[in-house]
Number of protein chains: 2
Amino acid sequence: MEDVADAIRRLAVRGAPAIGLAASYGLVVGVRAGDPSVPPLERFERAARLLQSTRPTAVNLRWAIELARSVAETSADGGAEATAAALLELAERLAERQRAADLRIAEIGAELVEPGDRVLTHCNTGPLATGGAGTAGGVIAAAWDAGHLGQVWVGETRPLLQGSRLTAWELGQAGIPFRLVTDASVGTLMARGLVDRVVVGADRIAANGDVANKIGTYSIAVLASRHGVPFYVAAPLSTIDPATATGAEIEIEERDPSEVTHVLGRAVAPDGAPAANFAFDVTPAELVTAIVTEAGLLHPPYETSIAEALRP
Amino acid sequence: MEDVADAIRRLAVRGAPAIGLAASYGLVVGVRAGDPSVPPLERFERAARLLQSTRPTAVNLRWAIELARSVAETSADGGAEATAAALLELAERLAERQRAADLRIAEIGAELVEPGDRVLTHCNTGPLATGGAGTAGGVIAAAWDAGHLGQVWVGETRPLLQGSRLTAWELGQAGIPFRLVTDASVGTLMARGLVDRVVVGADRIAANGDVANKIGTYSIAVLASRHGVPFYVAAPLSTIDPATATGAEIEIEERDPSEVTHVLGRAVAPDGAPAANFAFDVTPAELVTAIVTEAGLLHPPYETSIAEALRP
């Protein structure tokens, strides 16, 4: 259990959908390998508390835990092994659902990309982030497969450089042409007319369409708006939280300042230099052109389109 | 001579004013240590060509070379030693002039900062960038000395991290409270109301007030405009180029992509990952609240205020 929680905490597993899935499987471990003298439901709750404490922003974590809780509650009478088996079945169902959602998101999103488009993305949203085809990364790969993509601009995504370390690797593996840029380059790329479209993922989407995503997303959205560049968010419905009314309610994780003062463990600032390290920011719905989900494209006003998409 | 040019090329000396001064002294070396069989004026032109080729964006380099050329032309009849002596006298005069300009800029700029202000800056513009008190860095230090400053937000300034490596060091030495942030954090800092003012330097200012400065400055200016945060540029008059009509005419240096794919020499992206590395961007005059120069504050419309400030 500690290993699963630690993997999420130190971002060995990251990306909102992948975090949700890791939690689902982690709960199986928590019930199966928990203290035998403790009843299964209590083992579940211990594991759930530990997992919930790892990262506050991505809603998929809470969502996965809540789904698992209802499964645990209905299966706990059968004992720990039966509960763990039911939780494993759920985890596998959620993983399968994510893979299906990713494919649908990719298919729908690819239609937004026009031949020759230079698409800018941020952070990592491909297979490494979801366990499936990816969200924004899936859209980009599908657009490439459809022959609709010119090239990808990848923001390096400081402090942890998911763009350089993960997205560049994924795109390289897939043979999709890309160029890395520092996060501060987005403005000049747009001012020079080198960006036709932005596609990013999300860590949580509020009921009004405000989007929490990796730090830097908000700046990209403001620049896209100024330059008339469409700004798309690709995310499964599980990333939308109807219980979060607006972005102002989203808790933004502050991570260790050493991620800013160090790169790959090596100091890049004087010893003891203080730093602030907000891991996410909130892009207001007004800057989001559309949200690509497995249930289709959501358009403004998002209060309505989101409520409709989430209607059971 | 090669050492001077190389120091500018690899940014051992950087900051527009410091580049201008390094070139001034470099021309002394070029004339004094040049091939004895070559006439002094020709030695001068060889050195000037080498220095001019190092970096295209900062206008102070060209400005310093042009001033030196007129000195060299009037003193060349006296021979190489006399020419070098005259160039050395010029270099020392320019250094003294920069120190005086910095002090005046700091004094004028400090009055713009209100008690408790949280000032955001980018890149490095302190003593390490000018040989004097600094431009934006000088304003910040003077505001702190006057008790007008709450704290400084320092953008790390990828790819070469001048914010983390130089500005953090300077502020630490001066005992000025600061916090480092990744460049992508500026949007969220402003959205949270944590930035009262932006002060940055410049590498070239066009006759219409468009400002070329370190990559990322434009994004900061767009965000400042959205959030109603005043955006000041601090620069000596030598950074204003009346021969550059607008920012569109400013040549933007593209540096080696390895600066993006590596940090302090260590790879942060897969082998061979392609990157684009624009070293500067252009902030349109409409986003600049005022320009702080040694001749006073320049306000829009900049065509007029700049022309007046430069009138001999």
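Here the structure is a predicted model, which is why all the values come from computation and not from measurement.

**Thoughts on the sheet that holds strand β2 (residues 149-155) of chain B**
Each strand in a sheet pairs with its neighbour through backbone hydrogen bonds, running either in the same direction (parallel) or in the opposite one (antiparallel).
Residues and elements named next belong to chain B.
Okay, step 1: An order of β3-β2-β1-β4-β7-β12-β13 is seen for the 7 strands of this open sheet, with the pairing classed as mixed. One side of each edge strand has no neighbouring strand; the edge strands of this open sheet are β3 (178-181) and β13 (296-298). Direction aside, neighbouring strands of the sheet carry axes that sit 25 degrees apart on average.
Okay, step 2: With 3 bridges connecting them, strand β4 (residues 197-200) and strand β7 (residues 231-234) associate as parallel partners. Note that in β7 the partner of V199 across the bridge is Y232.
Okay, step 3: Lying over the sheet, helix α10 (residues 217-226) contacts β1 (117-122), β4 and β7, oriented at roughly 145 degrees with respect to β7.

**Some words on the pattern of salt bridges**
Okay, step 1: Under the counting rule described, the total for this entry stands at 36 salt bridges over all chains.
Okay, step 2: E45 of chain B is paired through a salt bridge with R69 of chain B; the nearest N and O atoms lie 2.8 Å apart. Placement of the pair is E45 of chain B in helix α3 (residues 40-52) and R69 of chain B in helix α4 (residues 59-75), with a sequence separation of 24 residues.
Okay, step 3: Members of the salt-bridge network, linked through shared partners, are E2, D6, R9 and R10 of chain A.

**Overview of α10 of chain B**
All names here are of chain B.
Okay, step 1: Taken across its 10 residues, α10 has 8 buried, putting it largely inside the fold.
Okay, step 2: Among all positions of α10, only T217, Y218, S219, I220, A221, V222, L223 and A224 are buried.
Okay, step 3: Count one or two residues on from α10 and you reach G228, which has phi positive near 65 degrees.

**A closer look at the packing of α3 of chain B against α4 of chain B**
Residue and element names in this part refer to chain B.
Okay, step 1: Contact pair α3 / α4: the axes reach a minimum separation of 11 Å and the direction vectors enclose 180 degrees. The angle between α3 and α4 places the two elements in the roughly antiparallel class. Taking contact as the criterion, the partners of L41, F44, E45, A48, L51 and Q52 in α3 are, on α4, L61, R62, I65, A68, R69, A72 and E73.
Okay, step 2: Here the contact of α3 with α4 is built from residues that sort into 8 nonpolar, 1 polar and 4 charged.

**Observations concerning the relation of the copies chain B and chain A**
Okay, step 1: Once chain B is rotated about the relating axis by 180 degrees and shifted along it by 0.0 Å, it coincides with chain A to within an RMSD of 0.0 Å. In symmetry terms, the pair is related by a two-fold rotation axis.
Okay, step 2: Interface overlap between copies: 98% of the residues of chain B at the interface are likewise at the interface in chain A, consistent with a symmetric, same-surface contact.

**Side note on the interface of chain B and chain A**
Okay, step 1: Chain B puts 51 residues into the contact, and the matching count from chain A is 50 residues.
Okay, step 2: Here chain B meets chain A over a buried area of about 4000 Å², counting both sides, of which 64% is carbon and sulfur.
Okay, step 3: Between chain B and chain A we count 4 salt bridges in total.
Okay, step 4: Residue E286 of chain A is joined to R226 of chain B by a salt bridge in which the shortest nitrogen-to-oxygen separation is 3.5 Å.
Okay, step 5: In this assembly, chain B and chain A are joined by 16 residue pairs in polar contact (both at pLDDT 80 or more).
Okay, step 6: Elements supplying a minimum of two residues to the side of chain B that touches chain A: α8 (162-174), β3, α9 (186-191), α10, α11 (258-261), β10 (266-267) and β11 (280-283) of chain B.
Okay, step 7: Residue classes in the side of chain B that touches chain A are distributed as 32 nonpolar, 9 polar and 10 charged.

**Points about a positive patch on the surface**
Okay, step 1: Among the surface-exposed residues, R165 and R266 of chain A together with R165 and R266 of chain B lie close enough to one another that they form a single positively charged patch.
Okay, step 2: Within the secondary structure, R165 of chain A is located in helix α8 (residues 162-174).
Okay, step 3: Accessibility expressed as a relative area gives 41% for R165 of chain A, which makes it partly exposed.

**Some points on the domain arrangement of chain A**
All names here are of chain A.
Okay, step 1: Here the domain parsing of chain A yields domain 1 (2-102) and domain 2 (104-310).
Okay, step 2: A straight line from the C-alpha centre of domain 1 to that of domain 2 covers 26 Å.
Okay, step 3: Contacts between the two partners involve 23 residues from domain 1, matched on the other side by 32 residues from domain 2.
Okay, step 4: The contact between domain 1 and domain 2 buries some 2100 Å² in all, and 47% of this surface belongs to carbon and sulfur atoms.
Okay, step 5: Area buried by domain 1 at its contact with domain 2 is led by R14, T57 and D102, which between them contribute 33% of it.
Okay, step 6: Across the contact surface, domain 1 and domain 2 share 2 salt bridges.
Okay, step 7: The partner of R55 in a salt bridge is E253, and the shortest N-O contact between them spans 2.9 Å.

**Section: the sheet that holds β11 of chain B**
Residues and elements named next belong to chain B.
Okay, step 1: Here 4 strands make up an open sheet; going across it, the order is β8-β5-β6-β11 and the pairing mixed. Where the open sheet ends on each side, the last strands, each with one partner, are β8 (240-241) and β11.
Okay, step 2: Relative to β8, strand β5 (residues 204-206) runs parallel, the two being bridged by 2 bridges. Following the sheet pairing, A206 is matched in β8 by D241.

Calculation rules
- Residues numbered from 1 in each chain as written.
- Chains lettered and ligands numbered in written order.
- Predicted model: local features only at pLDDT ≥ 70, side-chain atom pairs only at ≥ 80, totals over all residues.
- Heavy atoms only, no water.
- Pairing = 2+ DSSP bridges.
- Helix = DSSP H or I, 4+ residues; strand = E, 2+ residues; numbered from the N terminus.
- Axes fitted to C-alpha atoms, helices over the stretch in contact; angles between N-to-C directions.
- Contact = heavy atoms within 4.5 Å.
- Salt bridge = Lys/Arg side-chain N within 4 Å of Asp/Glu carboxyl O.
- Buried < 20%, exposed > 50% of the residue type's maximum accessible area, 1.4 Å probe, protein only.
- Parallel < 35°, antiparallel > 145°, perpendicular 65-115°, else oblique.
- Nonpolar A, V, L, I, M, F, W, Y, C, P; charged D, E, K, R; others polar.
- Least-squares fit on C-alpha atoms with pLDDT ≥ 70 in both.
- Buried area = accessible area lost by both parts, 1.4 Å probe.
- Polar contact = N/O pair within 3.5 Å; in protein donor to acceptor, adjacent residues only side chain to side chain.
- Patch = residues over 30% accessible without salt bridge, like charges linked within 9 Å, V, L, I, M, F, W, Y side chains within 5 Å.
- Areas by Shrake-Rupley, 256 points an atom, 1.4 Å probe, with all protein chains shown as cover.
- Lys, Arg positive; Asp, Glu negative; His and termini not counted.
- Charge placed at Lys NZ, Arg CZ, Asp CG, Glu CD.
- Domains from an automatic or database assignment.

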